[in-house]
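Results of the structural survey
Okay, here's what each chain looks like letter by letter:
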Amino acid sequence: MSPAAATRQREDMRSSRHGSPCFRGVGFVSIALGLATLVGCSTDGGDPTGPGPGDPPAALLALHSVGQTMQGYEVSGEISPSGAAIDLGGLFDGDAMAVGGVVTDLTAVVTESDFGGDRALVVDVPSRSSVAVTFPDETVNPSKPFVVESRGSAFVGGRASNSVYELSITVPGTPPAVFARDVGEFIEKVVVANDRVFVIDSNIDDVDFTFEPLGNSRVVVFETSGELVREIELPGLQATNAVLSAGRLVVLNAGTLGPAFEPEGNGSLAVIDPASLQLSGPFPLEGNGVSIEEGADGRVYVAVTSDFVSIRTLRFDPTGPGFVDGPQNPIQTRDSDGAPLSCWAATALSDGRLVCATFRSEQAGELFLLGTDGGFIDSTPGGFGTTDLEIVAP
Amino acid sequence: MRGREVRRDRTLAMVLSLAASVPFPATSHAQEGPALRGEVDEGAGPHRLTVLVRSESGELVRGAIVRLMTADRASVSASVLVEVGEGRYESDEVEDGRYELVAEALGYETARRPVELDGSGISITMTVGVQPVAVADVIAAVIRPDAGAMPGHATSHIPLDGGPRTLADRLAEEPGVQVRPSVGGGQVGTVRGSRPEGLLVLLDGLPVNDPLGGSADLSRIPVATLSAATLVRGASPRFGSGAIAGVLLLESRRPGGMSAAGGLEVGSFGRLAADGYASVGGELGTLAAGFRMEGIENDYEYPNRLLSGNPVEIRENADAEGLHLWLSGAPAALPVFAQLRYDDVERGAPGRMGTQALDEARYTDRSLQALLGYGSSTGRVTGTMVRRDILYRDPRRSEESTQSLTSLRLAGSGWLPGLGLELSSYLAREAVSEAGTADRPVRWSGGVWLGRTFETGRLSVQPGVATDLSNDGSAVNPEIALAAQLGPAWTLWGRAGSAYRLPSFADLYAASARSIQANPNLGPERVVIDAEAGVSWTSSAGTDADDGGSARGGLDVQAVAFFRRTNDPIVWVASAVALWSPRNLDRLTAAGLEIRGDVPLGDRGPRAGGSFTFQRSRLGFGDNRNPMPYQPDFAGDIYIGGVVARIWLRGAVRIEGSRTTTLAGVRRLPAYAVARFDASRGFRIGALALEAALAIDNLFAVRYELIELYPEPGRSLLFRLELRR
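The structure displayed is predicted, hence computed values, not measured ones.

Things to note about the overall build of chain A
- Regarding its fold elements, chain A presents two helices and 28 strands.
- The proportion of buried residues among the 394 residues of chain A is 56%.
- Once local pairs closer than 6 in sequence are excluded, the contacts in chain A between residues at least 24 apart make up 49%.

What follows is the structure in structure tokens.
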């Protein structure tokens with residue numbers, strides 16, 4: 001789809017959405033995710049006991065990385081797929097997405113490595129179409145994306161190019177602008193908060209392709225104007241992701257692997273206050289980090305492994321900061337038969353209920369709706385290789 | 001002659017199993033009968049002679065030297081007939097008079113017969129008897145893994161004549177076979193809904209399959225280096241580990257008396273190749289040597305469908321070059337045979353369209369293979385040694401790996417006429433080393449196949465059992481095959497058996513890397529049942545001797561139903577945290593129907609035919625049933641061909657249904673149809689035979705992909721000139 005066509009499609013879509021703010025708010029989510037049922041107008045989903053009769057369903061997007069699709073789900077008393085899967089194309093090999101514009105629009109951004117094509121895909125969720133965006137540098141290996149709705153853009157780091165790019169999501173297809181060059185060694189994520197740009201640098205060797213740490217992970221801070229503020233050394237190794245939750249930047253230092261690529265168990269979290277740039281941590285995971293998600297309940301959910309087979313889910317309070325359910329008492333995520341669940345990605349709705357995605361590559365995994373304590377509520381077939389969850393209507 | 005007695009004992013079994021063997025040539029003009037008499041054939045044209053050379057069992061014999069000699073021996077003038085089809089030789093226009101025809105073929109006694117030309121075209125069949133004890137017979141016994149046919153199997157003799165097409169091109173025309181590019185830039189084949197690892201390719205009895213990944217790169221073996229290729233569809237436990245869906249038996253070119261040949265090829269996308277072959281024979285024995293050099297730029301244009309407007313781009317890093325050398329010989333005094341073969345292929349390993357990540361990735365596969373064998377009419381013993389180096393390097397990523405395989409194999413087979421038993425066995429040692437690592441895993445394996453043929457009237461039953469032992473897994477696999485000749489036209493056959501495949505070295509011992517881990521606890525995958533039932537109807541059967549050896553034959557139809565279930569298939573899957581590792585999954589099932597037919601169009605017209613496969617292949621895990629990626633539910637080939645004005649012409653269309661691209665089955669590649677055209681013409685220049693062949697692939701420049709985002713070339717032309725003496 002050409003940029004002009006995408007813009008036209010987007011405008012057509014906007015022009016079809018009339019009515020009250022209430023309709024526009026919930027109705028759009030329904031339209032966007034293919035929800036068949038329009039629901040009530042309440043936007044207060046904070047009841048920790050679960051939804052009541054008339055409460056709107058929550059909605060989320062899941063990224064099925066192996067299946068190369070994106071799929072919407074709706075959650076009320078149960079969880080179920082919403083509409084058809086969005087095909088991301090044969091090149092797609094990313095593992096993370098960023099979502100923006102829940103109310104006014106719903107756009108997701110995913111990235112590919114240079115093996116996949118060195119592109120970002122701007123996905124128009126309602127139309128199930130995507131526009132590929134190529135980067136100005138020859139080899140980029142783009143990082144996990146971060147959407148900044150107020151700028152109508154997404155920030156992406158170049159793992160290989162050590163540059164930071166800003167690409168338009170309102171006019172997808174527009175060549176990205178280079179925000180900064182020569183930043184760090186291996187950019188895994190760029191987060192924008194408090195008018196500052198935080199570049200998460202894993203600081204590993206990708207020149208000789210050893211991927212061994214060159215030192216502690218770092219966060220390089222810029223003003224949105226492009227001016228360098230400072231560089232923060234993190235108390236951990238191999239940062240792989242970061243989320244913005246409750247006004248705090250929480251960085252996942254995944255930890256290192258041994259000679260036989262076994263987890264060395266030295267993963268940790270670090271917390272930065274975007275305003276004061278005060279650093280807190282480390283908060284040891286007692287394992288290696290797999291994924292990190294911001295829940296709609298103001299908590300951060302971290303997946304941790306010690307053996308590359310099973311995963312523990314931890315709950316972290318970024319404001320404390322500290323673990324709510326830490327390494328010694330992880331959330332007891334359970335299947336319907338009471339068996340432990342390994343959640344590659346887990347997040348929470350605003351009422352505290354958890355959504356957990358299991359990762360399977362030989363067949364579709366599952367999405368589980370769990371209680372706050374991890375107890376089983378419902379499940380639905382997921383996709384192949386689910387690696388990311390984004391709440392789009394909490 | 002003891003050997004002859006054994007052959008007679010096995011005649012019915014062979015006849016019946018050959019009936020199961022596909023009687024259809026890919027070159028549609030080569031369907032003839034086994035008669036001995038000559039007949040007037042207007043189609044041959046005035047003053048022209050067409051000669052069919054057949055063995056006593058009726059098989060067409062290719063590669064023979066057929067000379068037309070003047071009756072006046074004093075002058076000893078002779079002209080060589082040109083082989084224009086499988087076992088079919090044609091002269092240029094010759095004067096009326098008396099001549100003598102002399103046919104020489106490797107492994108057969110020289111046949112002579114007088115012939116008188118009187119102004120009309122004439123077609124003659126010459127039958128050559130097997131040379132009872134001869135060097136050539138020794139060679140045949142040694143280099144064939146299992147001499148004779150495969151009872152109960154749909155078997156195809158892949159025609160190696162007819163122009164410059166690759167082995168993969170020719171194999172793709174067989175029912176049940178799909179050929180597609182491999183990630184490393186080569187070509188792999190699948191049989192009856194299998195994965196590439198399910199096709200065992202044996203070159204002179206040694207596996208071509210990559211010891212690391214398990215699949216065989218068909219592009220490594222040029223047709224010019226081969227004398228025979230036989231595809232056996234279905235699992236075959238007698239070959240040991242790996243033959244779980246099919247076996248492709250390749251034979252290197254053999255010494256052929258006093259003969260020589262040379263070829264030159266030029267084609268689209270910078271293709272250039274040359275090959276040569278010379279053989280000498282005498283009282284001391286035979287000696288032959290050959291070479292093949294080839295290269296292709298493969299810089300073809302394709303539309304990049306990932307970009308708006310589908311801009312045309314040039315395929316990068318798809319070039320390849322190869323060098324192949326072989327030397328073989330056999331002394332006349334001893335029943336032994338020796339062969340040395342060197343294959344070296346270097347090529348780019350391009351990535352998908354839309355990425356430059358692999359634009360500098362290169363792949364080299366180099367092997368040196370030595371064979372020494374002893375053979376007689378009742379048995380054989382071979383010793384082989386292979387050193388194979390596989391190199392992969394990607395300067396962009398500072399990545400380089402070198403794996404070396406050393407393989408020693410001792411094999412023997414024989415027949416016990418008194419008991420009617422067929423016995424074969426092998427002992428093998430394989431060791432793999434990787435540069436920079438101390439690990440050197442070794443696999444010992446051995447096996448015994450014992451079979452017995454029972455014949456009653458028109459029914460033949462052959463039960464057998466294979467016992468294979470290895471330090472990586474063992475198996476006992478029985479097989480039973482039946483064949484029944486129901487009158488001169490109808491043949492029924494069936495087979496059921498089991499088979500197994502050991503994990504590859506990469507499955508077991510691949511060095512750990514980020515997100516990748518081998519699984520040393522992996523078990524073999526086991527085909528618990530592989531069965532087929534077939535019927536063939538040949539309208540010309542039994543009539544050829546009566547009609548004087550018509551070169552035309554009649555309608556031939558064959559249908560085969562198959563089913564295969566594989567337990568514990570080895571599949572690389574990810575753990576809960578995306579650590580990719582091979583595991584024994586639940587099961588694979590494949591079932592289908594193969595149909596092929598060949599029919600003459602009118603009395604003297606061309607022949608037309610086709611092969612069609614309807615299949616269903618699924619990977620099951622728990623309650624899950626995923627379509628096997630890249631396996632269409634339907635595929636087929638249709639063709640028409642014949643000789644017009646002494647030019648052999650053939651047009652064909654390949655059709656393949658849509659295929660899923662991943663286990664997730666999100667996307668399907670669309671169905672496609674591509675046309676191809678072949679033409680060849682033989683000339684005689686004194687004692688030399690010259691053949692010019694033209695092949696046009698993808699005649700209408702259809703844009704299609706066999707692997708998602710790997711564009712296939714558009715129209716391509718290939719021209720080959722071959723000179724034989």
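Moving on from the coordinates now.
Topic: the overall build of chain B
- Within chain B, the regular secondary structure consists of five helices and 48 strands.
- In chain B, which comprises 725 residues, the proportion classed as buried is 51%.
- Contacts in chain B between residues at least 24 apart in sequence constitute 64% of all its contacts with a sequence separation of at least 6.

Observations concerning the confidence of the model for chain A
- For chain A, per-residue confidence averages 85 on the pLDDT scale, and 85% of positions sit at 70 or higher.
- Low pLDDT, under 50, characterises residues 1-49 of chain A; the stretch is placed with 78 contacts to residues that sit more than four places away or in other chains.

A short note on unusual backbone geometry
- Of the consecutive residues A:Gly281 and A:Pro282, the connecting peptide bond is found in the cis state with omega at 10°.
- With respect to the secondary-structure elements, A:Pro282 resides in strand 19 (residues 279-284).
- Residue A:Gly320 is joined to A:Pro321 through a cis peptide bond whose omega torsion reads -15°.
- In this fold, A:Pro321 is placed in the loop between strand 22 (311-317) and strand 23 (322-325).
- Residues other than glycine seldom take positive phi values, yet B:Phe269 does so here, at roughly 60°.
- Tracing the backbone through its elements, the reader meets B:Phe269 in the loop between strand 17 (259-267) and strand 18 (271-282).
- Given 18 C-beta atoms within a 10 Å radius, B:Phe269 is considered partly exposed.
- In this structure, B:Asn310 is a non-glycine residue whose phi angle is positive, near 45°.
- On the secondary structure map, B:Asn310 appears in the loop between strand 20 (301-303) and strand 21 (312-314).

Describing the sheet that holds strand 3 (residues 79-87) of chain A
All names here are of chain A.
- One open sheet accounts for four strands, arranged 3-2-1-28; its pairing is antiparallel. The open sheet has two edge strands with one neighbour each: strand 3 and strand 28 (386-393). The mean inter-strand angle of the sheet, taken between neighbouring strand axes irrespective of direction, is 25°.
- Examined bridge by bridge, strand 2 (residues 69-75) and strand 3 share six bridges and lie antiparallel to one another. Pairing of Met-70 across the sheet is with Ile-86, part of strand 3.

A short note on the interface of chain B and chain A
- Of the residues lining the interface, 32 residues belong to chain B; the matching set on chain A comes to 35 residues.
- For the side of chain B that touches chain A, the element with the most residues is strand 35 (residues 570-574) of chain B, which contributes three residues.
- Split into classes, the residues belonging to the side of chain B that touches chain A amount to 16 nonpolar, ten polar and six charged.

Quick look at the sheet that holds strand 25 (residues 354-357) of chain A
Residues and elements named next belong to chain A.
- Read across the sheet, four strands follow the order 24-25-26-27 without closing on themselves; strand pairing throughout is antiparallel. Two strands close off the open sheet at either side, each with one partner strand: strand 24 (345-348) and strand 27 (376-381). In this sheet, adjacent strand axes meet at a mean angle of 20° when their direction is disregarded.

Focus: the pairing of strand 33 (residues 525-538) of chain B
All names here are of chain B.
- Alignment of strand 32 (residues 490-501) against strand 33, held across eleven bridges, turns out to be antiparallel. Of the residues in strand 33, the one forming a bridge with Ala-496 is Ala-531.
- Looking at chain direction, strand 33 and strand 34 (residues 556-567) are connected through twelve bridges and run antiparallel. Within the sheet, the bridge partner assigned to Ser-536 lies in strand 34 and is Gln-558.

Digging into the nonpolar core
- Of all hydrophobic cores here, the largest spans 113 residues; its most connected members are A:Leu60, A:Val251, A:Val302 and A:Val355.
- Top contributing element to this core by residue count: strand 1 (residues 58-64) of chain A, with six residues.
- Leave out the neighbours within four places in its chain, and A:Leu60 touches A:Tyr73, A:Val75, A:Val355, A:Leu389, A:Glu390, A:Ile391 and A:Val392.
- The next biggest cluster of nonpolar side chains, apart from the first, holds 39 residues, and it includes B:Ala168, B:Val177, B:Leu199 and B:Tyr500.

Digging into the environment of A:Val250
All names here are of chain A.
- Among the secondary structure elements, Val-250 is positioned in strand 17 (residues 248-253).
- On the basis of neighbour count, Val-250 is assigned to the buried category, with 26 C-beta atoms found within 10 Å.
- When the C-alpha positions of Val-250 and Gly-295 are compared, they lie 12 Å apart, and in sequence the two are 45 residues distant.
- Dropping the residues within four chain positions of it, Val-250 is found in contact with Ala-242, Val-243, Ser-245, Leu-269, Val-271, Ile-292, Val-300, Phe-316 and Pro-318.

Let's talk about the environment of B:Ala481
- Following the sequence through the fold, B:Ala481 ends up in strand 31 (residues 475-486).
- In the structure, B:Ala481 is positioned 93 residues away from B:Ala574 in sequence and 40 Å away in space, judged by C-alpha atoms.

What about the confidence of the model for chain B?
Residues and elements named next belong to chain B.
- Residues of chain B with pLDDT of at least 70 account for 83%, and the chain-wide mean is 81.
- When the elements of chain B are averaged for pLDDT, strand 1 (residues 38-40) gives the smallest value, 31, and strand 12 (residues 187-191) the largest, 96.
- Below pLDDT 50 for its whole length, residues 1-46 participates in 149 contacts with residues either more than four positions away or in separate chains.
- Listed scores for the predicted complex are pTM 0.82 and ipTM 0.81.

Here's the deal with the environment of B:Leu68
- Tracing the sequence through the fold places B:Leu68 in strand 3 (residues 65-70).
- Through-space distance from the C-alpha of B:Leu68 to that of B:Arg54 is 17 Å; in sequence the pair is 14 residues apart.

What counts, and where the lines are drawn
Residues numbered from 1 in each chain as written. Chains lettered and ligands numbered in written order. Predicted model: local features only at pLDDT ≥ 70, side-chain atom pairs only at ≥ 80, totals over all residues. Helix = DSSP H or I, 4+ residues; strand = E, 2+ residues; numbered from the N terminus. Buried ≥ 20, exposed ≤ 12 C-beta atoms within 10 Å, placed from the backbone. Contact = placed C-beta atoms within 7 Å. pLDDT = per-residue confidence, 0-100. Pairing = 2+ DSSP bridges. Axes fitted to C-alpha atoms, helices over the stretch in contact; angles between N-to-C directions. Nonpolar A, V, L, I, M, F, W, Y, C, P; charged D, E, K, R; others polar. Core = buried A, V, L, I, M, F, W, Y, C linked by C-beta atoms within 7 Å.

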